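# Report on the structure
Listed here are the chains, written in short residue letters.
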Amino acid sequence: MNLKRKLQNHLWLVCFGFIFQAFSQTTYQTPPQAIADLVNAPSTPTVRFSENGDWMLLLESADNPSIEELSQPELRIAGLRINPAISGPSRSRGVENVKIKMTHSGQEILIKGLPEKPSMGGFSLSKDEKYLAFTNKESDGISLWVVDLGTFEARKLTDGIVNEVYGNALVWTPENQLLVKAVNPSRGEIPKRPTAPSGPIVQETSGDAAPSRTYQDLLENPYDEALFAYFMDSQLMLVSLDGNKKSIGPNGMIKSFDLSPDGSYILVDLIKKPFSYLVPASRFPYDVEIWSKDGNKVKTLAQIPLDENRPTGFDATVTGPRNINWRADKPSMLYWVEAQDGGDARVEIEEREIVYTLDAPFTSQKKKLASTAYRFAGIAWSDDQFAILNERWSGSRKEVRSIINPSNPAQPKQVIIDRSSDDLYNDPGDPLYKENEYGRNVLMRKGDLIFMTSPGGSPEGNMPFLSTFNTKTKEQEILWRSQAPYYERVVKVLDENGNEFITLKESTDIQPNYWLVNTKKRIAPQQITEFAHPYEGLKGIQKQLVTYKRKDGLNLSAVIYTPAGYDPAKDGPLPVLMWAYPREYKSAAVAAQVRGSKYAFTRLSWGSPIYWVTQGYAIMDQTEMPIVGEGDKEPNDYFIEQLVANAEAAIDKIVEMGIGDRMRIGVGGHSYGAFMTANLLSHTNLFAAGIARSGAYNRTLTPFGFQYEQRTYWEAPEVYFNMSPFSFAHKVETPILLIHGQADNNSGTFPIQSERYYNALKGHGATARLVFLPHESHGYAAKESILHTLYEMDTWLEKFVKNRNKIDTSK
């Protein structure tokens, strides 16, 4: 660090009355009241529509939990986070209230008899929509409830028997009974931790390559194994509407289960040993069994081995059957896919994957349905003559959709869409679905026409549309499109011609609400919800989507927010908080596309930078930071130089607009955005300060790939070194604030990343602060943690960005 910058930082600290080492506190703090008020603003209900759209569920979520709630006992094993008191997840946010709202009349109906202490979830409508099932978390378990939608009365069906440790927990039968995954009534007492270990913990490899990502919360010892087996131990039960229970099949470590569309069979995944200390439960071995609806085993369809030895690369996969599911358009037919390349994306092969089917009673041989040149990405079913086969390839961002004829697998598939999944401007959209006679989702279709909704990317930003896509001619007809100055998208189509539908409509200062639209009757759209603007403190702020060029000519964009009434000509430049998240692209043309909408409502999340528009800052949000590597070039070979060029272009733009003060610009980001921030401070002096939340700073700790980097450390050591801010801690001359959840379980961003990076910064005399948030994961949940995070950010910005000119003698 140069002597001048050191003296400036020292002067600043002395002038504010303390030395840096004393800048700490042991209690939770709160940010300025204007920011705290925005954090405490009421949340908007979540909406779910009935099949015909006549009514909707309004689900009112609970507020953020307290740090006391977040501090309750928690098991972190096998990649799971378990609340041992309830045999369920430890960090879920429940629903506090449920209402019914009629679409046409607007009438709201309160449901009587809901739990006294509600923490509801798992909402599921019966096929005939006469009943709504849900679960409720209690102090000692998860209970099952049902709402009679004829009387709008709720009642409790069971005590806390539901097991929600892993996977789904309930499904309706055609007879309006509930098939529930319950805690095994005979599982006994929780295993007790041994007073002393029985011996050392040993892992051994015999030469098979087993690269894996850096997972968190893995099993570590035999006691962890015993706990995992105990909490996974489940029993399927059939629960009637009067609460009677009947055990179905044997107990076991049930990973997931699903009824066939006609309700005759149950597909069950059962985890088995050996467990792994290298990968999470999702990659443990398991058997795929087919049971009759009474629980008798019909067939073991597959025995999936432990998934520790997968090849490297994001297009790598497992061998053997995967993605085993029921066909939505058949009573009881299974389909799945099997890789033909050994799961290794580096193998050159024409027929990379084969999709198979097997129909009840499952005694015949599997039948080939289709094959793919890329990785299988699912099937959208319609009927026995029409389905859409999806395939993708991560390395090239390739996306292919084809029409197949399920009744004639020999008929060649017809490619209808072949595009880059990153290409927003040419995104035709995704198909819409409707429920069939089995209550399963199938394509909304009229002959060769399928109905689609698209984000509607354009140089002016996203303008969503509803369309039909002709699968014969590949022509798309837009039926309706969002119009400025609104951001509006179709959420449900109500008739077979796409003339009547429900939209979610918003604008920069208008809270999103649902509207009923009919394009054929030429009547004015009808507003069907009246959700209020939750952010009084943001009313009147100014928002604009701006575009500009990088020095190599690449188009970039960002969204700029300024305080209400601000005029750069009269008020002069403002301090700036720039917030971003880098993305890698294989096409410069695609990287240059404008993303987002200037008409979207300003919605705040817990970690948004927009809070500081209330404190006199200009906010440069969604600042595009593309990293491009076309053809055989890898984007990350040019990461630093393109990252710096992106930042320079963004700064030049906001300064040229007269909005930003070049000497008072802070930069920040979360996760990969934190990684970006640390890199910018390592290689430039463009910024007054940086804020890096929950990032990874030493890429040698993620040696088998990270983000979109598929090469290993040993294949590209120079890339890992050069992209690691840890390698350049000695070059950081800009104050940096590091914040990290102590219980971060995101792959690669374990807390030691911030701890070691801070130590490196401190060792080289940088101005840095490290804040660890107790019990917090990758995203922060407790209200105290969120408010304290915003306090830390505000303090840092006020002292190193907004007030920088008061001390910096160079100005």
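It should be noted that the structure appears before, not after, this text.
Overview of the structure. (Residues numbered from 1 in each chain as written. Predicted model: local features only at pLDDT ≥ 70, side-chain atom pairs only at ≥ 80, totals over all residues. Heavy atoms only, no water.)

## Concerning the overall build of the chain
- From N to C terminus, the chain includes 11 helices and 47 strands.
- The C-alpha radius of gyration computed for the chain amounts to 28 Å, which stays within 12% of the reference 28 Å derived for 811 residues, consistent with globular compactness.
- Counting only C-alpha atoms, the chain reaches 80 × 75 × 60 Å along its principal axes.
- By residue count, 57% of the 811 residues in the chain fall in the buried class.
- Contacts in the chain between residues at least 24 apart in sequence constitute 59% of all its contacts with a sequence separation of at least 6. (Helix = DSSP H or I, 4+ residues; strand = E, 2+ residues; numbered from the N terminus. Rg over C-alpha atoms; globule rule 2.2 N^0.38 Å. Buried < 20%, exposed > 50% of the residue type's maximum accessible area, 1.4 Å probe, protein only. Contact = heavy atoms within 4.5 Å.)

## Looking at the pairing of strand β17 (residues 286-292)
- Judged by how many residues are buried, β17 sits mostly within the fold: seven of seven residues are covered.
- Of the two faces of β17, the one lined by Tyr-286, Val-288, Ile-290 and Ser-292 and the one lined by Asp-287, Glu-289 and Trp-291 are each fully buried.
- As paired elements, strand β16 (residues 265-271) and β17 share seven bridges and run antiparallel to each other. Opposite Ile-271, over in β17, you have Tyr-286 as the bridge partner.
- Strand direction decides the pairing type here: β17 and strand β18 (residues 297-304), joined by six bridges, are antiparallel. Bridge pairing links Ile-290 to Lys-299 in β18.
- As consecutive antiparallel partners, β17 and β18 are separated by four residues, and within that stretch Gly-295 has a phi angle of approximately 100 degrees, a positive value. (Pairing = 2+ DSSP bridges.)

## Some details on the environment of Ser-694
- Checked against the element boundaries, Ser-694 lands in the loop between β45 (689-693) and α9 (717-722).
- Judged by relative accessible area, which is 0%, Ser-694 ranks as buried.
- Residues Ser-694 and Tyr-548 lie 146 residues apart in sequence; the distance between their C-alpha atoms is 29 Å.
- Beyond its immediate chain neighbours, meaning those up to four positions away, Ser-694 contacts His-670, Ser-671, Ala-674, Ile-739, His-740, Gly-741, Asp-744, Thr-749, His-778 and Tyr-780.
- Within the structure, Ser-694 has its side chain in polar contact with the side chain of Tyr-780 (distance 2.6 Å). (Polar contact = N/O pair within 3.5 Å; in protein donor to acceptor, adjacent residues only side chain to side chain.)

## Considerations on helix α11 (residues 783-802)
- Across its 20 residues, α11 extends 26 Å between first and last C-alpha, which sits within 8% of the 28 Å expected from 1.5 Å per residue.
- With 17 of its 20 residues buried, α11 lies for the most part within the structure. (Expected span 1.5 Å × (residues − 1).)

## Topic: the sheet that holds strand β14 (residues 233-239)
- Strand order in this open sheet of seven strands is β12-β13-β14-β15-β16-β17-β18, and the pairing throughout is antiparallel. The two strands at the open ends of the sheet, each matched to only one other strand, are β12 (170-172) and β18. For this sheet, the mean angle separating the axes of adjacent strands, direction not counted, is 35 degrees.
- Helix α4 (residues 222-232) contacts β14, β15 (245-259) and β16 of the sheet and is inclined by roughly 125 degrees relative to β15. (Axes fitted to C-alpha atoms, helices over the stretch in contact; angles between N-to-C directions.)

## Observations regarding empty space enclosed by the protein
- Under the defined criterion, the tally for this structure stands at two cavities of 30 Å³ or more.
- Estimated volume of the second largest cavity: approximately 30 Å³.
- A per-class count over the lining of the second largest cavity returns three nonpolar, three polar and one charged. (1 Å grid on protein atoms, 1.4 Å probe; cavity = no way out; pocket = protein on both sides within 12 Å on 5 of 7 lines; lining within 4 Å. Points joined across faces, edges and corners; volume = space filled by probe spheres on them. Nonpolar A, V, L, I, M, F, W, Y, C, P; charged D, E, K, R; others polar.)

## Looking at the nonpolar core
- Counting 56 residues, the largest nonpolar core has Met-620, Phe-687, Ile-736, Tyr-757 and Leu-761 as the members making the most contacts within it.
- For this core, the leading source of residues is helix α7 (residues 639-656), giving eight residues.
- In this view, Met-620 contacts Tyr-548, Ala-558, Val-559, Ile-560, Val-576, Leu-577, Met-578, Trp-579, Ala-650 and Ile-654; residues no more than four positions away in its chain are not counted.
- In terms of nonpolar packing, the next biggest core, distinct from the first, is built from 38 residues, Leu-545, Leu-577, Leu-604 and Ile-786 among them. (Core = buried A, V, L, I, M, F, W, Y, C linked by side-chain atoms within 4.5 Å.)

## Concerning the pattern of salt bridges
- Counted according to the given criterion, the structure contains 42 salt bridges.
- Arg-322 is paired through a salt bridge with Glu-353; the nearest N and O atoms lie 2.5 Å apart. A residue pair is termed long-range when its members are at least 10 positions apart, and Arg-322 in strand β19 (residues 321-326) and Glu-353 in strand β21 (residues 353-359) qualify at 31 residues. Both residues of the pair, Arg-322 and Glu-353, count as buried.
- The shortest N-O distance in the salt bridge between Asp-422 and Arg-583 comes to 3.0 Å. Taken together, the positions of Asp-422 in the loop between β26 (414-420) and β27 (430-431) and Arg-583 in strand β41 (residues 583-585) put the pair 161 residues apart, joining distant regions of the chain. (Salt bridge = Lys/Arg side-chain N within 4 Å of Asp/Glu carboxyl O.)

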